[in-house]
Amino acid sequence: MDAARTPGIFLHQYAGLPHGAAFEHWRERAVGPCGLDIGPSHGDNIDCRLQISVVDNIALAIPEGASAQYSRTQSHLADGSDDLVLIAAHAGLVRVGQNGHSVELAPAQMVLVDMSVTGTVGHTEADRFTTIRMPRRALLDISPRAEDKLSQVLSDGAVAETIFRYHALAANHAPHLDAVGQRLTAQHMVDLVGLLLGTDAENANRARGRGQAAARFDLMRADVMAALGRNDLCLSEVATRSGLSPRQAQRLFEQAGTTFTEFVLEQRLLHARKLLADPRARARKISDIAHSSGFADLSYFNRAFRKRFGATPSELREA
């Protein structure tokens, strides 16, 4: 069975034998448009849950389940796709075949593969991976010799970690963005892949200043949003998670026209206002809402709230 949770995010799920009407329907909807075939990775049954997030001109896939192998066979090559795909291993040992050559990926390792040749990759519950599919030209623009790295095991600590985290963020949130936001997110992802593969000095500086910086800033903002309720949230902690020094992190906030402290305060106030306006939170005390939004001092919360919104929390709730 399959479904789209939101425009741009497609969820496909199947468990059973690799034949029959239900399987054919699922294969046609899930992997057929991707130019792939699917079978069990072990045993006789397929057990697959597949999320595909389309973000401008790239596609981010998160496959899960106990048994599924995706194949690009000779018959699929007639579709003319020459996209490049970065496969990133998350757990176990991920085996990737490409044009008769095979590599094994340990966690945090990656490999670039070519949709214009045959290939396979499979997963189990223990062996998990994600993928980034992107136009060949888009990647070659930032990494002109990317094709030299095809089928090679890749690993670059800081860049690889950013790719892993940015993939998770973009796959779930980028399809909700407008066209400009999606285009930028896709470019930032391609920039990161270009840095992983290596490029010349000019393109590397462009990719760091554009893609890597933006990805790290997005990740820091996401970390803040996930921890708003903690009144001990600090810049150094958020910076470290994105592989930055506090000074580098602060510079990214300043380039966006704010500071870390201002951004955190604004998001906490917006979160508190949302709760105060929610009829389902009517029974909650204002002090409880303040604390759950990360304010340890109720008096400070009231002053900051009134300065930002022109009314006290009590007045806004009554209105």
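So, a few notes on the structure that sits alongside this text. Since we're looking at a predicted model, the values are computed, not measured. (Residues numbered from 1 in each chain as written. Predicted model: local features only at pLDDT ≥ 70, side-chain atom pairs only at ≥ 80, totals over all residues. Heavy atoms only, no water.)

Take the packing of aromatic side chains next. Considering all chains together, one arrives at 9 aromatic pairs under this definition. A ring pair is formed by Phe295 and Phe301, whose centres lie 4.9 Å apart and whose planes are at 50 degrees; its orientation type is tilted. The same class applies to Phe295 as to Phe301, namely buried. (Phe/Tyr/Trp six-rings, centres within 6.5 Å; stacked < 30°, edge-to-face > 60°. Buried < 20%, exposed > 50% of the residue type's maximum accessible area, 1.4 Å probe, protein only.)

Within the chain, Asn99 stands out as a residue other than glycine whose phi angle is a positive 55 degrees. You can see Asn99 is positioned in the loop between strand S7 (94–98) and strand S8 (101–105). Classification of Asn99 by relative accessible area gives exposed; the value is 56%. Positive phi, normally seen in glycine, also occurs at Ser151, with a value near 65 degrees. The residue Ser151 is located in the loop between helix H2 (136–142) and strand S12 (153–154) in this model. According to the relative accessible area criterion, Ser151 is buried, its value standing at 16%. (Helix = DSSP H or I, 4+ residues; strand = E, 2+ residues; numbered from the N terminus.)

Turning our eyes to something else, we now look at the nonpolar core. Ranked by size, the top nonpolar core spans 37 residues in total, and within it Leu86, Met110 and Leu139 carry the most contacts. Dropping the residues within four chain positions of it, Met110 is found in contact with Leu86, Ile87, Ala88, Leu105, Gln152, Val153, Leu154, Ala160, Ile163, Phe164 and Leu196. With 27 residues, the next largest nonpolar core counts Ala30, Ile52, Ala61 and Ile87 among its residues. (Core = buried A, V, L, I, M, F, W, Y, C linked by side-chain atoms within 4.5 Å. Contact = heavy atoms within 4.5 Å.)

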